Amino acid sequence: MTTDADDPTAEFRKNQSWLYDSTAGGYVRKTAIGLTTALMSLFILFPLYWMVVTSLKTTQEIQQIPPTLLPVDLSFVGFEEVIYSSIQQGGYTGFVESTFGLEVASSIDIDVLGLIFNSLKVSIAAGLLALVLGTIASYVISRREFVGKNALMSLLLASLMFPGTAIMVPEWELINTLDLFNTHTALVLIYGAMTAPFVVWLMKGFFDEFPDSILDASRMDQCSPVETFLYVIVPMARNSLIASFIFAFLLAWNELVFALTLLSGDKATVPPGLLTFVQGFNTQWNVVAAASILVSIPVLIGLAYIQKYFVQGLTGGAIKG
Amino acid sequence: MTRVTVSGLTKVFDDGGEDIVAVDDVSFEVEDGEFIVLVGPSGCGKTTTLRMVGGLETPTSGNLEFDGTVVNDVKARNRDVAMVFQDFALYPHMDVAHNLGFGLRRENNDFSEAEIEERVKDVAEMLEIEELLGQHPAELSGGQKQRVALGRAIVREPRLFLFDEPLANLDANLRKTMRTEIDALQSQMGITSLYVTHNQEEAMTMADRIAILDAGQLQQIGAPEEVFNNPANTFVAQFIGSPNINLFEGRLEPTEDGFRVTESAAEVEFPASLVPADLDPQSVTLGARPQDLVPVTGPGEADMTITGTVSLIEPLGTDAIVRIDTGSGPVTAMVTGYESLERGDELTLGIAAKDIYLFDTDDSLVKPRHYEMRTGDEVTA
């Protein structure tokens, strides 16, 4: 038996703890971390899971108490109703019936494809508007010194801090005065204005980090200012621009209150459109869930494609390229 | 192929209401095909001078001429000048081939795609980076980036090369290889070049002439041997040469056949032939290069000896930098055969009178190192 006094490695084994320095402690730690992660994932993913399961149940099963975790009686009625109603509303009934020999009949009358199209139109336009305004503003704020710069930045930050609906009434008045009521332009303007401050903050981070020597190099390479902007700055800013665009796009895609109050009829975007499925006691939740899944597909596909740029854009300054 | 004339060039920056003079009335001329190195400590204005020549900064006053034409108001992109930056400044989103060809594709140049590819290929071959043409800057090592940056400058065959500390971000070995290459490349192409560095060794090895700047002012411009042996003032003497020159305050008195300088711990006699001027008694600064100081066994073995205790030995292989503490302060010498030395040893260093520099009270040189003796002078060395 060696004592600490004659064990030469003793001084390297100070401050031992059971949790960190024994095999058993290691297992306990890993189990605790794993369980916590699993619980958190469950908590976050459960609503999504519930949406998918609900879309695959029959109306009776949805109303059953206690609810079932997995659909006992698998049914695609929800999806059928949504797709058929789109086909009906789009006026393709005759075409689909003659081509696929399907009988198209839906108990609802909402054009989901039309909603998606409206939303894409509004969201892309709002995203581009925020991008153009925000990028130009952030370039100037980052590269030029002027009086009131800090105040301006604080103001932009403050504008992100209160809900847009708080200024609903004046905006409603403004839209009315501009005679833009029930137009997509109104939404594009409002969403663009709501997201531009975020774009300014994000792009300012990018421009602050932008190496001056690259701009010098492009001048020595005989670039005009426009050429420098087009061939050097924009390509280098690509990731940050994409991240900004996605942010603005998603906000416009999800926004309900303005869309609900400013639009009506066939101008509606996805969020108010989905809301029309919810009809008190008669709500067909499987249809609502199926419609929600269908409308999120285009966004999911788009995001999956540009997701890596999004992460790179947000962490742009931190990781050297 | 351009002669550059810089006359009275001044740049004043406005830093929050406070004027900062970065470059103060600098004038010099760069001959066609010459390699000039601007050297000086950080903040001496060397980079600002270079940037003004390139057109990246506008001079506050003074003139800049290319072949006798004032170019103060000519845009950077119309000056036909190429620059290599310290951080390489490669375009991260383009591969090497496009980095090299980027300048050639601009409107000022009228090249076809085939010509551009041809030139890019030639330059890549010259710099041995052909296999990197398809890669992006992020995939390159520091030395490779440096070669690409160099290639981007030479591919256009500009009238003027500007180098802004191009080797500062490289490791020591690579720096030595690259400086030889840049030097060779420049003499081969014969393009007038201005090269900025804070590294005096780089300046000495590469330059046709060295311009030494301090606090925005040009201290001296001359060939490497000239600034080493004939420094205009103590600043230049200290800046050029490594390790730093030893300086002592002393008193100069004329004697019968020359001059005697007395210093607190030593004295030295100069034959009149070694001092190029008739001097009145005055305070002077003596300069002794560490390379010129050699260990001696006692006084009388050299024109000037100084004794002290060894306080530091930095072995460099065959030589060592040895510092001794003397009555006149610390003295540094390059000593060969230092193995027997130990800290605390008593050591006497000697130097020949011809190797000593003398500066007068106005800090200008009165006796250079190795002053060329007049014919008929008696040589006692």
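## Describing the pairing of strand S12 (residues 258-263) of chain B
Residues and elements named next belong to chain B.
Then step 1. Bridge count between strand S11 (residues 246-255) and S12: six bridges; the pairing is antiparallel. The residue bridging Thr255 from the neighbouring strand is Gly258, located in S12.
Then step 2. Taken together, S11 and the strand that follows it, S12, pair antiparallel across an intervening segment of two residues.
Then step 3. One ladder, built from five bridges, connects S12 with strand S13 (residues 267-271); its direction is antiparallel. For Arg260, the partnering residue across the bridge sits in S13 and is Glu269.
Then step 4. What sits between the antiparallel neighbours S12 and S13 is a turn of three residues.

## Some points on the layout of surface pockets
All names here are of chain A.
Then step 1. The volume enclosed by the second largest pocket comes to roughly 790 Å³.
Then step 2. Taken together, 24 residues make up the lining of the second largest pocket; nearest its centre are Tyr139, Arg144, Leu215, Pro225 and Ile233.
Then step 3. Of all the elements in the fold, those that place two or more residues in the lining of the second largest pocket are helix H6 (112-143), helix H10 (212-220) and helix H11 (225-254).
Then step 4. For the lining of the second largest pocket, the leading source of residues is H6, giving seven residues.

## Structural notes on the packing of helix H9 (residues 184-209) of chain A against H11(A)
All names here are of chain A.
Then step 1. As a packed pair, H9 and H11 sit with axes 9 Å apart at the nearest point and diverge in direction by 150°. Taken together, H9 and H11 sit at an angle that is classed as roughly antiparallel. The hand of the H9/H11 crossing is right-handed. Where H9 abuts H11, its residues Tyr191, Met194, Thr195, Phe198, Val199, Leu202, Met203, Phe206 and Phe207 lie against Ile233, Met236, Ala237, Ser240, Leu241, Ala243, Ser244, Phe247, Ala248, Leu251 and Ala252.
Then step 2. Counted by class, the contact of H9 with H11 contains 17 nonpolar, three polar and no charged residues.

## Structural notes on the confidence of the model for chain B
All names here are of chain B.
Then step 1. With 97% of its residues at a pLDDT of at least 70, chain B reaches an overall mean of 89.
Then step 2. Confidence drops under pLDDT 50 across residues 374-381; counting only partners more than four residues distant or on other chains, this segment forms seven contacts.
Then step 3. The complex prediction reports pTM at 0.77, with the ipTM value standing at 0.81.

## Details of the sheet that holds strand S5 (residues 69-70) of chain B
Residue and element names in this part refer to chain B.
Then step 1. Spatially, the four strands line up as an open sheet ordered S2-S1-S4-S5, and their pairing is antiparallel. Both edges of this open sheet fall to strand S2 (18-30) and S5, since each of them pairs with a single strand only.
Then step 2. Sheet analysis places strand S4 (residues 61-66) next to S5, joined by two bridges and oriented antiparallel. Bridged to Glu65 within S5 is Val70.

## Looking at the packing of aromatic side chains
Then step 1. Considering all chains together, one arrives at 17 aromatic pairs over all chains under this definition.
Then step 2. With a centroid separation of 5.3 Å and an interplanar angle of 70°, the aromatic rings of A:Trp172 and A:Phe181 are classed as edge-to-face.
Then step 3. Plain terms: the ring middles of B:Phe235 and B:Phe239 are 5.8 Å apart, the flat faces sit at 20° to each other, and that makes the pair stacked. Placement of the pair is B:Phe235 and B:Phe239 together in helix H8 (residues 234-239), with a separation of four residues, close to one helical turn. Across this residue pair, the class does not change: B:Phe235 and B:Phe239 are buried.
Then step 4. Aromatic rings pair up to connect A:Tyr139, A:Phe206, A:Phe207 and A:Phe210 into one cluster.
Then step 5. Here the basic side chain of B:Arg106 rests over the ring of B:Phe102, its NZ or CZ set 4.4 Å away from the ring centre.
Then step 6. One residue, B:Arg152, lies across the ring of B:Tyr91, its end atom 4.8 Å from the ring centre.

## Some details on the interface of chain A and chain B
Then step 1. Facing 17 residues of chain A, the contacting portion of chain B comprises 27 residues.
Then step 2. Across the chain A/chain B interface, buried area totals approximately 2,000 Å², and carbon plus sulfur atoms make up 57% of it.
Then step 3. Its largest share of buried area at the contact with chain B, chain A owes to A:Met220, A:Asp221 and A:Gln222, together 40% of the area lost on that side.
Then step 4. In this structure, the connection of chain A to chain B is made through four salt bridges.
Then step 5. Its salt-bridge partner being A:Asp216, residue B:Arg51 comes within 2.7 Å of it at the nearest N-O pair.
Then step 6. Where chain A packs against chain B, one counts ten residue pairs in polar contact (both at pLDDT 80 or more).
Then step 7. Mapped onto the side of chain A that touches chain B, the elements with two or more residues apiece are H10 and H11 of chain A.
Then step 8. Of the residues forming the side of chain A that touches chain B, the biggest block, seven residues, is contributed by H10(A).
Then step 9. Residue composition of the side of chain A that touches chain B, grouped by class: eight nonpolar, five polar and four charged.

## As for the pairing of S4(B)
All names here are of chain B.
Then step 1. With five bridges joining them, strand S1 (residues 4-15) and S4 adopt antiparallel strand pairing. The residue bridging Thr10 from the neighbouring strand is Ser61, located in S4.
Then step 2. Turn length for the S4-S5 hairpin, with the two strands adjacent in sequence and antiparallel, is two residues, and the turn residue Asp67 shows positive phi of about 50°.

## Some words on empty space enclosed by the protein
Then step 1. The tally for this structure, following the rule as stated, stands at three cavities of 30 Å³ or more.
Then step 2. Space inside the largest cavity adds up to approximately 40 Å³.
Then step 3. Forming the boundary of the largest cavity are A:Ala217, A:Met220, A:Asp221, B:Ala82, B:Met83, B:Arg152, B:Ala153 and B:Arg156.
Then step 4. Taken together, the residues that form the lining of the largest cavity break down as five nonpolar, no polar and three charged.

## A few points about the confidence of the model for chain A
Then step 1. Across chain A, the average pLDDT comes to 84, with 93% of residues at 70 or higher.
Then step 2. Looking across chain A, the model is least confident in helix H5 (residues 93-100) of chain A, with a mean pLDDT of 74, and most confident in helix H2 (residues 23-55) of chain A, with 93.

Analysis parameters
Per chain, residue numbering runs from 1 following the sequence as it is written. In the order they appear in the text, chains get letters beginning with A and ligands get numbers beginning with 1. Whole-chain, interface and lining totals are the exception, using all residues; otherwise, since this is a predicted model, local features are given only for residues with pLDDT of at least 70 and side-chain atom pairs are given and counted only at 80 or more. Calculated side-chain values reflect all of the structure's heavy atoms, with hydrogen atoms and water omitted. Pairing between two strands requires that DSSP report at least two bridges joining them. The numbering of helices and of strands both runs from the N terminus, where a helix is a DSSP run of H or I of at least 4 residues and a strand a run of E of at least 2. Here a cavity denotes a set of grid points, spaced 1 Å apart and computed over the protein atoms alone, in which a 1.4 Å probe fits but from which it cannot get out, and a pocket denotes an open set meeting protein on both sides within 12 Å along at least five of seven lines; residues with an atom within 4 Å of a point are reported as lining. Grid points are joined across faces, edges and corners, and a volume is the space filled by probe spheres set on the points. Between the N-to-C directions of two axes lies an angle of 0 to 180 degrees, each axis being a line fitted to C-alpha atoms and, for a helix, fitted only over the stretch in contact. We call two directions roughly parallel when the angle between them is under 35 degrees, roughly antiparallel when it is over 145, roughly perpendicular when it lies between 65 and 115, and oblique otherwise. By the definition used in this description, the sense in which the near helix is turned from the far one sets the handedness, with an anticlockwise turn below a right angle giving left-handed and a clockwise turn giving right-handed. By definition in these notes, contact holds between two residues if any of their heavy atoms fall within 4.5 Å. Note on residue categories: nonpolar means Ala, Val, Leu, Ile, Met, Phe, Trp, Tyr, Cys or Pro, charged means Asp, Glu, Lys or Arg, and polar means any other residue, Gly included. One confidence number per residue, pLDDT, is output by the predictor and ranges from 0 to 100. Ring pairs shown here join Phe, Tyr and Trp side chains whose ring centres sit within 6.5 Å, with only the six-membered ring taken for Trp; geometry is labelled stacked below 30 degrees between planes, edge-to-face above 60, and tilted in between. Exposure classes here rest on a 1.4 Å probe applied to the protein chains alone. A residue is buried below 20% of its type maximum, exposed above 50%, and partly exposed in between. Working rule: Lys NZ or Arg CZ, within 6 Å of ring centre, within 35 degrees of ring normal, means a charge sits over the ring. What gets called buried area is simply the loss in accessible area from a 1.4 Å probe that two parts show on being joined, summed for both. Salt bridge, as used here: a side-chain nitrogen of Lys or Arg that lies within 4 Å of a carboxyl oxygen of Asp or Glu. Counting of polar contacts relies on pairs of N or O atoms within 3.5 Å, with two restrictions inside protein: one atom must be capable of donating a hydrogen and the other of accepting it, and residues adjacent in sequence are counted only when both atoms are side-chain atoms.

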